[in-house]
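Survey of secondary and tertiary structure
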Amino acid sequence: MCGITGWVSFHHDARTRAPVIEAMTATLAPRGPDAGGVWLGERAAIGHRRLSVIDLVGGVQPMTDGSDVVLSYSGEVYNHRQLRSELRALGHEFRTRSDTEVVLRAYVEWGEAVAEHLDGMFAFAVWDERVQRLLLVRDRLGVKPLYWAAVDGGLAFASEPKALFAHPEIRPRVDADGLREAYGLLFNTGPTVWSGVREVEPGGLLVLDRGGIRERRYWQLEEGAHSDDQETTVERIRELVGTAARGQLEADVPLCSLLSGGLDSTVLTALLADELRLREGPDARIRSYAVDYSDQAARFTGDVLRTGHDTPYATEAGAFIGTDHSTVVLDPLALLDPEHRKAVVVARDSPIGVGDMDTSLYLLFGEIRRHSTVALSGEAADEVFGGYPWFHNPKALAADTFPWLLVTGDEAAMPLNPELDLRMGEFRSDTYRSALAAVPHLDDETPVEHRQREMQHLSLTRWLRQLLHRKDRLSMAQGLEVRVPYCDHRLVEYAFNTPWALKSHDGREKSLLRATGTGLAPESVLWRPKNHYPATHHPDYNRGLQNMARDALATEQVRALADETRIKPCLDTPPDRLEWGHRLRLERVVDLALWLDHHRPELAL
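Residues numbered from 1 in each chain as written. Predicted model: local features only at pLDDT ≥ 70, side-chain atom pairs only at ≥ 80, totals over all residues. Heavy atoms only, no water.

Here's the deal with empty space enclosed by the protein
Counted by the stated rule, this structure contains 7 cavities of 30 Å³ or more. One number sums up the size of the second largest cavity: a volume of about 100 Å³. Residue lining of the second largest cavity: 15 residues in total, with Leu51, Gly75, Glu76, Asp99 and Thr100 positioned closest to the centre. Listing elements by their share of the lining of the second largest cavity, those giving two or more residues are strand 5 (69–77) and helix 3 (99–110). Per-element accounting of the lining of the second largest cavity gives the leading share, 3 residues, to strand 5. Classifying every residue of the lining of the second largest cavity gives 6 nonpolar, 6 polar and 3 charged. (1 Å grid on protein atoms, 1.4 Å probe; cavity = no way out; pocket = protein on both sides within 12 Å on 5 of 7 lines; lining within 4 Å. Points joined across faces, edges and corners; volume = space filled by probe spheres on them. Helix = DSSP H or I, 4+ residues; strand = E, 2+ residues; numbered from the N terminus. Nonpolar A, V, L, I, M, F, W, Y, C, P; charged D, E, K, R; others polar.)

Concerning the pairing of strand 8 (residues 147–151)
Where burial is concerned, most of strand 8 is hidden: 4 out of the 5 residues are buried. Sheet topology note: the strand 8/strand 11 (residues 197–199) ladder contains 3 bridges and is antiparallel. Across the sheet, the residue bridging to Ala149 is Val197, located in strand 11. Note: strand 8 against strand 9 (residues 154–158), 5 bridges, orientation antiparallel. Across the sheet, the residue bridging to Ala149 is Ala156, located in strand 9. The turn linking strand 8 back onto strand 9 is made up of 2 residues, and Gly153 within it adopts a positive phi angle of 80°. (Buried < 20%, exposed > 50% of the residue type's maximum accessible area, 1.4 Å probe, protein only. Pairing = 2+ DSSP bridges.)

Concerning the sheet that holds strand 12 (residues 204–209)
Spatially, 4-5-6-7-12-13 is the arrangement adopted by the 6 strands of the open sheet, whose pairing is antiparallel. Each of the sheet's edge strands pairs with one partner strand only, and the pair in question is strand 4 (63–64) and strand 13 (212–217).

Details of a negative patch on the surface
Side chains of Glu222, Glu223, Asp443 and Asp444 sit close together on the surface and give a patch of like negative charge. Tracing the sequence through the fold places Asp444 in the loop between helix 15 (424–437) and helix 16 (447–476). (Patch = residues over 30% accessible without salt bridge, like charges linked within 9 Å, V, L, I, M, F, W, Y side chains within 5 Å. Areas by Shrake-Rupley, 256 points an atom, 1.4 Å probe, with all protein chains shown as cover. Salt bridge = Lys/Arg side-chain N within 4 Å of Asp/Glu carboxyl O. Lys, Arg positive; Asp, Glu negative; His and termini not counted. Charge placed at Lys NZ, Arg CZ, Asp CG, Glu CD.)

Concerning unusual backbone geometry
In this chain, Gln61 is followed by Pro62 through a cis amide linkage whose omega measures -5°. When you line up the elements, Pro62 lands in the loop between strand 3 (44–50) and strand 4. The backbone phi angle of Arg423 is positive, close to 50°, even though this residue is not glycine. For Arg423, the location among the structural elements is in the loop between helix 14 (405–408) and helix 15. On the basis of relative accessibility, which here comes to 52%, the residue Arg423 falls in the exposed class.

What follows is the structure, given as structure tokens:
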């Protein structure tokens, strides 16, 4: 995993601007702590920071095929061995064992169609001197980020917006559209909180040449008939999940699994452990990690997202599978440390996060990085297999809005100053209609199948987006690569077109994954209700958060953006009675202040 950046301009000679590309590249050092490099041509400047995972000696970037084609690549291509064989048969020669060189040679062979040959998570830029063309490509589900913004005579690109802001023509600027994107919680792909900064769409590519900019999708979710019966469907899911897990075990550095004690991570960890024993012998044990708070066992309190304490389940799952399991126990008060909070906001380049859950994930990844460079995560199983409450709640199914807003909406979103007149309700309504219009359907769907297909499409193309952003930013800020096998596009495609009756055949959420996990996980885990990432319940944390929020509201720019009348009651609630949604509102006030202080954005409102 790495950080990529650069720009192309047909109006200026990039060779005279080495300090600019060096500054842009330096901002991405946490993503690539092992090495860095730049390439300069007349029209293009390309930068790269490397986290060495495969072929530690080879794979140096930016990589060229001599002088004509230059690649800066982030991610992992899991079918690189098969592609290497295919490309050798076509006459290509290789100098390294890296998947980076496979991507380079694949571009030379297939050009813009290269993305359709790759299985994995990736974001990369290719500058082709032969035709004076830049190609930007992002993986199908958007696991790896890729941003761009216009510059004179072309565009600049980067893994994170902070690198773009190191370019003298791109300044951090936020307008009303950006605030709507950030605080609407609708998770559009394309526009961002930053004016003029856009994302390459998941499953998308962008081409820049002297004729201008062209964007297209090379992959998206499509409707398809499903003829497999229940037994065949379960077997196919087991095959797809297993193939995805086994294919992502390759690394030349220490590797581990994130094991929360939920169904998703337990099934994944069990498959990884079995494969590792096949490869290395019966005594091989995969490392696994869970997170907890020092007060959690005594103070756990259920809420709309959490049904139980994770640690006992994670410990049981680790023993059942036979992992080398560790629980990272965090002091809840450490989550108030201003330096930790600032590091999280800087990593995300955004004022929208989930407070203590972000900080604890950042600290967890820091602890894991002391022993491992790669971690595998169960992210996306809820979206793929229908695990969230909104797939099963009649109120959510009937609601004319994004289903997560019923849980996280106005109670959790930081209310914005009404004087800004952002017309958030109208924005949400328009966006929801556009989102539904993008959902593919079969002609003979029943009303139930029609609605569940909508729910899954919204979850996979929007809700998942912010979860992947969170995991990428907070892991890469610690120099840790996180892989997400449930995002394998073949698994996603098959599950998306599996009828809802099969997805819920046992009357519960994630029926297909539960059937797949039979024998791989303890019964207690198999039938455990959905549980979200843990939050601390310590009243001293709540008290400290209230104090931080009071300090944030003393800032003029925060008061200009936030609705104090709806925030101040949360400051006066007794700390041991502060509800989760109102607490998250305070978390976002604190993050807003940190974000404004770090980026000093121009507010064009």
